[in-house]
Number of protein chains: 4
Amino acid sequence: MAGSSTHPHTRLCRHTDKAVYIRGKSLVDDLIGQVNFVDMIYFTIAGRMPKPAEVAILNAVLVSLMEHGLTPSAIAARLVYASSPENLQSGVSAGLLAIGTVFVGTAEGCAEVIDRLLTFPAAERAAAALEIVKEHRTARKPVPGFGHPTFKPDDPRAQRLLALAEEHGIAKDHVAALRTLSEAVDTVYARHLTINVTGAIAAVLGEIGLPGRILRGIALISRCAGLVAHLREEQLEPTMTAIWEAVEETVPYTEGS
Amino acid sequence: MAGSSTHPHTRLCRHTDKAVYIRGKSLVDDLIGQVNFVDMIYFTIAGRMPKPAEVAILNAVLVSLMEHGLTPSAIAARLVYASSPENLQSGVSAGLLAIGTVFVGTAEGCAEVIDRLLTFPAAERAAAALEIVKEHRTARKPVPGFGHPTFKPDDPRAQRLLALAEEHGIAKDHVAALRTLSEAVDTVYARHLTINVTGAIAAVLGEIGLPGRILRGIALISRCAGLVAHLREEQLEPTMTAIWEAVEETVPYTEGS
Amino acid sequence: MAGSSTHPHTRLCRHTDKAVYIRGKSLVDDLIGQVNFVDMIYFTIAGRMPKPAEVAILNAVLVSLMEHGLTPSAIAARLVYASSPENLQSGVSAGLLAIGTVFVGTAEGCAEVIDRLLTFPAAERAAAALEIVKEHRTARKPVPGFGHPTFKPDDPRAQRLLALAEEHGIAKDHVAALRTLSEAVDTVYARHLTINVTGAIAAVLGEIGLPGRILRGIALISRCAGLVAHLREEQLEPTMTAIWEAVEETVPYTEGS
Amino acid sequence: MAGSSTHPHTRLCRHTDKAVYIRGKSLVDDLIGQVNFVDMIYFTIAGRMPKPAEVAILNAVLVSLMEHGLTPSAIAARLVYASSPENLQSGVSAGLLAIGTVFVGTAEGCAEVIDRLLTFPAAERAAAALEIVKEHRTARKPVPGFGHPTFKPDDPRAQRLLALAEEHGIAKDHVAALRTLSEAVDTVYARHLTINVTGAIAAVLGEIGLPGRILRGIALISRCAGLVAHLREEQLEPTMTAIWEAVEETVPYTEGS
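Residue numbers run consecutively from 1 along every chain, following the written order of its sequence. Lettering for chains starts from A, numbering for ligands starts from 1, and both go in the order in which the items are written. Local features are withheld for residues below a pLDDT of 70 in this predicted model, meaning they are given only at 70 or higher, and side-chain atom pairs are given and counted only at 80 or more; totals for whole chains, interfaces and linings count all residues. Hydrogens and water molecules were not included; the side-chain quantities draw on all heavy atoms of the structure.

A short note on the relation of the copies chain A and chain D
Each copy is superposed on the other by least squares, with the fit set by C-alpha atoms of residues at a pLDDT of at least 70 in both. Overlaying chain A on chain D yields an RMSD of 0.0 Å, the required transformation being a rotation through 180° with an accompanying axial translation of 0.0 Å. Given the turn and translation reported, the copies of this chain are related as if by a two-fold rotation axis. The C-alpha atom lying nearest the rotation axis in chain A is that of A:Ser90; the distance is 3.6 Å. Whether two residues are in contact is decided by their heavy atoms, any of which lying within 4.5 Å being enough. Take the interface residues of chain A: 100% of them recur as interface residues in chain D, which is what a same-surface contact looks like.

Next comes the structure, spelled out in structure tokens:
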């Protein structure tokens, strides 16, 4: 692909008076009613239709990230929606802006570490993993993808995703690299730190060919759906006034600068 | 549901130290690997798991709205992403802000007209439809969901969605109401105006229990995925500089106020 | 101005290798250090430099709208910022998305009513105002720009803005029309409803040549500054965790759909 | 200030039934009509009213950043606005999301370098500056705040801002540190690289007590006003269709993945 071209192209979509083609397939004849939305997500992002195992994994990841209750993202979406109720898109956009480094940054960071480990020959990865983990410890940075405040000893979502990868026969280099890292983490820190859900996501999406740079996009698609469900609930049972009052009580005014 | 309660509740999600529950189901034991993302979309929004025909229709709608090429929404997403490349969420949010009345407003408007028609007894709907269409004509407003600038005589996407609704046995009152409206439109305007894709979406989502008020949310989920594909393309083959230069040429500076 | 031109132009800015010109003036030689930011706001929007009285009024409006405490807009901005602390722009954008119809819509609506009243000859405006107010009452719609839940009998901000318009000698047709409306409101409702701050803003901005369609933009500039102050406070004294916990307590989970 | 308190407070605003107080001052009696908008910006962010020299500098910075023509930020704002014309806030928010690391990151980076230099005793700063610049050169990173693709030998906006700081008697440690850095840059690179506008802004805002962490907020306030002017122009002379067509021509479809 001519990434540095000064005459860029798009490969996503073209129209005629009779039809819409997406990556060369007819929207009406080949796609609507023939393939599922998650196939299309993979197809438009990766440029080819996914195999069944790849769709299964992508579905599992999208399901796992979708909904986490009244997070700051969901609260922001509800408050903006209630202030601008004719614009569902404003509430959703505000909520998605909270999906940044704090939330999915660790998955991207873990994908980077896995990619770095995979540059070593297989026989050297155990040693390289120890080095990488020691680097993080020396710099007092957590290894991205490891540890969880409440899920102990292990994050059940991560275990489920990794088990699915095995079941579907797609667990190869990336999952192995994550497990190698996990052993190195336990050795260097001299205690067990769980592989968390972001670590597992980085590995299983790597196995199906979705690189770390686009991983945040997968989280956005999933969370977009979760936010729509929150706004549907806000339509049926508004929370905005109750939240506003609670915040004014929780963060009182005081004099001084 | 206690919509007017001053003590609102959420029914979406709760956590324990061991598990996450979404609408009462265990994320790890009942959902990840067991249901697909599109089942989850329906489940979290509508409050129950969908039947297979309902999932098929929701998939078809999500596929049909996902990608339309370099629209203003996609261009805005690419420009913002390229200006803030560490923040995929900013590009996606900017693009979603363009999904407003101009784009999906007609689907919502058509859902409203269908709902209004359904308040009449079945035997009176043909007459009521004529009245409603005449009202629009007198007010010089297009009937939402009808007509298309290029797809003539018929919008093939709309026909495909309506055919799928028949195949899956879910075409009932809403689809019938849309067809009644269509006859009234052709009669009042004395020529054939196609049911367009937004009209068909309004009808088939109505059949699976998703009301007009949340329809824009379905469009947002679909388009969110489409925008992620655009930003993946922007990562591989950047267009921002070429777009910037083209716009400066297309909209030149001139003196005067 | 060629509003319908298919070859649009921009009149805002051009560059050379040596200089930047904004609406024909040199940024370095004529603007930086020579004119104030509020002059520039008027200059870029309206296309000419403002008179001193016009700047005074625009300053007063910008000051009056800037800060209203922990509103939904400010809460959303803080939550998004705390989730994505490397991106001040995300927090500000999320907060601005809450500046919609609920907040400034009434000012725009009041500007429309004033403009409509000004289409009548001066001698007929009192009668026309009575008609317009009766229309609203019959449709059970509040007259935009009138009434306030706590400021009774009068909104002191509105009175201050109108007094300033008199002091600066710019109170003419628009302010007179607002006062005519006010008398009609009191007559039709048979009690005193205050001119509120949004009504006063509509009138005084109309007097300085800023039309209703751009009024929301003035509110956005003002509130943008207010949100930056909130995010500065969030940097120094974070509220996100406290807000999150308060919301989870205020909106508890319950079973059921 | 109790930054780490688990019981956070706000110091910005409180209401009564009669009045609004901002940082202890009555909005109606002390602020509207008494102080200008730019005073208020400083007052709400910094916690005290500015001195005249401080307001002059803040005005100059806000004027200098406001408008740069049809940048990606302005294009995105126009496209989103034209897609959702009832929502000026959506267009402005989309445009502001483009104000990230690419645009104002260098000003923040320069503020960090200045702050680092100021940790050294005055007598050691020349030597420390040489070290810092060499570090950047070794890491093949540009020194933030220096160099410009077209303004050579010097960026006139930077020179103007620094001259204003001298005129107003506020040029002290920060400006001196920037000049020390400038000498080190020229020495290490063995040629003259201009102090650019972002470098000058970092220095002069540092002199008036606005730290690097909030600098992006000042840019957002300024650019918010610039975007409102673009959207006013879009109202009067729409560019969306012309831009859309130009982009489709500039970035054509091609087959392949």
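Picking up after the structure, the text goes on.
Things to note about the packing of aromatic side chains
Any two of the Phe, Tyr and Trp rings considered here, Trp counted by its six-membered ring, make a pair once their centres fall within 6.5 Å; the pair's planes then place it as stacked at under 30 degrees, edge-to-face at over 60, or tilted in between. Evaluation of the coordinates by the stated rule reveals two aromatic pairs over all chains. Measuring from ring centre to ring centre gives 6.4 Å for A:Phe37 and B:Phe37, while their planes differ by 15°; the resulting arrangement is stacked. A residue pair is termed interchain when its members come from two chains, as with A:Phe37 in helix H2 (residues 37-46) and B:Phe37 in helix H2 (residues 37-46). Side by side, A:Phe37 and B:Phe37 carry an identical accessibility label, which is buried. Only when the NZ of Lys or the CZ of Arg is both within 6 Å of the ring centre and within 35 degrees of the ring normal is a charge said to sit over the ring. Here the guanidinium or amino end of B:Arg14 rests over the ring plane of B:Tyr21, the centre of that ring lying 4.3 Å away. Here a helix means four or more residues in a row that DSSP labels H or I, a strand means two or more in a row labelled E, and each is numbered from the N terminus. Any residue under 20% of the maximum accessible area for its type is buried, any over 50% is exposed, and the rest in between are partly exposed; the area is computed with a 1.4 Å probe on protein chains only.

Topic: the environment of A:Glu167
The residue A:Glu167 is located in helix H8 (residues 156-167) in this model. With 114 residues separating them along the chain, A:Glu167 and A:Ala53 place their C-alpha atoms 9.1 Å apart.

Here we look at the interface of chain A and chain D
Taken together, the contact pairs 25 residues of chain A with 25 residues of chain D. Buried area is understood as the total, over both parts, of accessible area removed when two parts are fitted together, assessed with a 1.4 Å probe. Summed over both sides, the interface of chain A with chain D buries roughly 2,000 Å², with 57% coming from carbon and sulfur. Only one rule defines a salt bridge in this text: a Lys or Arg side-chain nitrogen within 4 Å of an Asp or Glu carboxyl oxygen. Where chain A meets chain D, there are zero salt bridges. Definition of a polar contact: a pair of N or O atoms within 3.5 Å, with one able to donate and the other able to accept a hydrogen when the atoms are protein atoms, and with sequence-neighbouring residues admitted only if both atoms are side-chain atoms. Taken together, chain A and chain D are joined by seven residue pairs in polar contact (both at pLDDT 80 or more). Elements with a minimum of two residues in the side of chain A that touches chain D: strand S1 (13-15) and helix H5 (88-96) of chain A. Under the scheme applied here, ten amino acids are nonpolar (Ala, Val, Leu, Ile, Met, Phe, Trp, Tyr, Cys and Pro), four are charged (Asp, Glu, Lys and Arg), and all others, including Gly, are polar. When its residues are assigned to classes, the side of chain A that touches chain D shows eight nonpolar, twelve polar and five charged.

Here we look at the sheet that holds strand S3 (residues 25-26) of chain A
Across a sheet, paired strands are connected by hydrogen bonds in the backbone, their directions being either parallel or antiparallel. What makes two strands pair is DSSP finding at least two bridges between them. Across the sheet, which stays open at both edges, the three strands sit in the order S1-S2-S3 (chain A) with antiparallel pairing between neighbours. Only two strands of the sheet have a single neighbouring strand rather than two, namely S1 and S3 of chain A.

Description of the side chain of D:Arg23
Along the chain, D:Arg23 falls in the loop between strand S2 (20-22) and strand S3 (25-26). The charged side chain of D:Arg23 is buried without a salt bridge, its nearest counter-charge being C:Glu233 at 4.6 Å. At 2.8 Å, the side chain of D:Arg23 and the backbone oxygen of D:Thr44 are in polar contact. Positive charges come from Lys and Arg alone, negative charges from Asp and Glu alone, with His and the N- and C-terminal ends not counted.

Thoughts on the interface of chain A and chain B
Taken together, the contacts link 84 residues of chain A with 84 residues of chain B. Of the roughly 7,200 Å² buried at the junction of chain A and chain B (both faces included), carbon and sulfur atoms supply 67%. Broken down residue by residue, the surface that chain A buries against chain B is led by A:Ile32, A:Phe37 and A:Glu237, which jointly contribute 11%. Counting across the interface, chain A meets chain B through two salt bridges. Residue B:Arg11 pairs with A:Glu237 through a salt bridge whose shortest N-O separation is 2.7 Å. Linking chain A with chain B are 25 residue pairs in polar contact (both at pLDDT 80 or more), by the criterion used here.

Examining the pattern of salt bridges
Between side chains of opposite charge, pairing is possible as soon as their charged atoms come close. Applying the stated criterion to the full structure yields 35 salt bridges over all chains. The closest approach of N and O atoms between A:Arg179 and A:Glu166, which form a salt bridge, is 3.4 Å. In this pair, A:Arg179 is assigned in helix H9 (residues 173-189) and A:Glu166 in helix H8, connecting sequence segments 13 residues apart. Among the residues examined, A:Arg179 registers a relative accessible area of 35% and is labelled partly exposed. Linking B:Asp155 and B:Arg157 is a salt bridge whose minimum nitrogen-to-oxygen distance equals 3.0 Å. Comparing B:Asp155 with B:Arg157 shows no difference in burial state: the two are buried. Overlapping salt bridges bring together A:Arg78, A:Glu233 and A:Glu234 as one network.

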